[in-house]
Amino acid sequence: MRINWNAYDRETKLKLEIFRGYIREWLPVFLAGRSSFKTVALYDFFAGPGRDVEGEKGSPLIIIDELKAYLSNPKTPKVQGVEIRLYFNDDKRAKYLELKEAIEEENISNFFNVEVDNKDFTAAFNEKFNLIAAANTANLVILDQSGIKHITQDVFKKLMGCKATDILFFISSSTVKRFAGEDCIDQYFPGITKEQIDGLDADHIHRFVCKEYYRKLVSASKEYYLAPFSIKKDSNVYGLIFGSGSLYGLEKFLNVCWKLDPKTGEANYNIDRDPFRKELSIFPEDNIMKKCDEFEKKLIAEIKKGGKTNNDIYKYCLENGFLPTHVNNIFKKLQKEGILKVFPETTRPGAFYINWNNYKTGTVKVEFAIRNGGV
Ligand SMILES: C[S@@+](CC[C@H](N)C(=O)[O-])C[C@H]1O[C@@H](n2cnc3c(N)ncnc32)[C@H](O)[C@@H]1O
């Protein structure tokens, strides 16, 4: 039975590509090698029917695809004794039934359990929350809502408080812009004012919702990382927000984003209105994206504060939406120009040690300094 619905548009396919990309990065973190988690679980609370009208796979079947590919690949290491659980939910009975049927056709092995549910999100979330919050569980929670209203402060804070739980949620940010100042927005986004929104470039609304709303729900003492990916369709901007308590999780999400948007790593459009985003200018300086240019300046200012190690810079670059490879390229250039100094001075040129393994183990390999007069 396929009563479905619409064909996924280009923007939906991009969103699904981000889901797929992140699931692919996430699975090995918990399924390869040693794991301290007894259960690895993926939740898709707004799962849809499984496919679009053309048979293209939606988020639940993408999860199954990626899991099957990982588990059946003889080259990937597999942790032993971990239970893998999948949970899919949709409140529309017809979609739920279609999804159930699609999953039965998938011939899922004994390796993992799938539960398909047909509840309103709030009921499903409340029912599953204790499992998500269990100490010995690693979770990826996908919340592909249609509008804006389900990822409330309460839901966000609860998920943020769970150990080893990454979240990836959709939000129709243009709706926040369109209705700012009205009761409906006030109800779901208390504190966002019409004045704030009116002063904003419409292209930046999703960035704003991530950084000025959800970010501010995180207490200063908590290690929690967020990153937006903005998606524009016609004149509407919506997008995904990623959240994780782990910098490694953030790095993996940003890997996916930079592959899809090599210019800014955060949008399917020219989010910063860079003049030469599509064709290259004959003047090389015009081809530097505003975001990258600003980052280089901020990075230099950060190092000028003094005492910054390879691990400080690993954290700094990811928190600013950039990858260690970006920093390595900037550092190589600055080192050649004699602007960047690396201590100990015996360090091989081009070696900066900005990576997760050093960060995780707290291995301080080098310290950076900017020669007086650096830009
Ligand atoms: C944007 S679609 C998700 C699409 C899906 N991720 C996919 O890849 O096809 C949102 C889904 O959430 C469901 N939905 C809407 N409101 C809901 C609610 N309150 N609780 C649970 N599901 C809901 C809709 O039926 C719809 O299938």
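Placed above this text is the structure.
I will try to describe carefully the structure that is included in this document. (Residues numbered from 1 in each chain as written. Predicted model: local features only at pLDDT ≥ 70, side-chain atom pairs only at ≥ 80, totals over all residues. Heavy atoms only, no water.)

This brings us to the site of the ligand. Not every one of the 18 residues close to the ligand is listed here, only the nearest: Ser59, Asp90, Asp120, Phe121 and Asp144. In the environment of the ligand, an oxygen atom lies 3.1 Å from a nitrogen or oxygen atom belonging to the side chain of Lys95. Residue Asp120 places a side-chain N or O atom 2.7 Å away from a nitrogen atom belonging to the ligand. Grouping the constituent residues of the shell around the ligand by class yields 5 nonpolar, 6 polar and 7 charged. (Near = heavy atom within 4 Å. Polar contact = N/O pair within 3.5 Å; in protein donor to acceptor, adjacent residues only side chain to side chain. Nonpolar A, V, L, I, M, F, W, Y, C, P; charged D, E, K, R; others polar.)

Our focus in this paragraph is the pattern of salt bridges. A side chain with one charge can pair with a side chain of the opposite charge if their charged atoms come near. Per the counting criterion, the structure on display carries 29 salt bridges. One salt bridge connects Glu127 with Lys119, and the closest N-O pair in it is separated by 3.2 Å. Glu127 sits in the partly exposed class, given a relative accessible area of 42%. The partner of Lys333 in a salt bridge is Glu296, with the nearest N and O atoms 2.7 Å apart. Residue Lys333 is located in helix α13 (residues 324–336), and its partner Glu296 is located in helix α11 (residues 290–304); the two are separated by 37 residues in the primary sequence. Taking relative accessible area as the criterion, Lys333 reaches 35% and is therefore assigned partly exposed. (Salt bridge = Lys/Arg side-chain N within 4 Å of Asp/Glu carboxyl O. Buried < 20%, exposed > 50% of the residue type's maximum accessible area, 1.4 Å probe, protein only. Helix = DSSP H or I, 4+ residues; strand = E, 2+ residues; numbered from the N terminus.)

This paragraph deals with helix α10 (residues 247–260). The first and last C-alpha atoms of α10 sit 20 Å apart over 14 residues, in line with the 20 Å expected at 1.5 Å per residue. Across the 14 residues that make up α10, a large majority, 10, are buried. (Expected span 1.5 Å × (residues − 1).)

In this section: unusual backbone geometry. Look at the link from Phe343 to Pro344: it is a cis peptide, with omega at 5 degrees. Relative to the helices and strands, Pro344 resides in the loop between β9 (340–343) and α14 (356–361). Residue Asn107 is not a glycine yet carries a positive backbone phi of 50 degrees. Note that Asn107 resides in the loop between α3 (93–104) and β3 (112–117). Despite not being glycine, Asp234 shows a phi value in the positive range, around 50 degrees.

Orientation of α11 relative to helix α12 (residues 310–319), taken along the N-to-C sense of each, is 150 degrees, at an axis distance of 11 Å. Viewed along their axes, α11 and α12 adopt a mutual orientation that is roughly antiparallel. In terms of crossing hand, the pair formed by α11 and α12 is right-handed. Residues Phe295, Lys298, Leu299, Glu302 and Ile303 of α11 form the contact with α12, whose own contacting residues are Ile313, Tyr316 and Cys317. Looking at the contact of α11 with α12, its residues break down into 6 nonpolar, no polar and 2 charged. (Axes fitted to C-alpha atoms, helices over the stretch in contact; angles between N-to-C directions. Parallel < 35°, antiparallel > 145°, perpendicular 65-115°, else oblique. Left-handed = near helix turned anticlockwise from the far one by under 90°. Contact = heavy atoms within 4.5 Å.)

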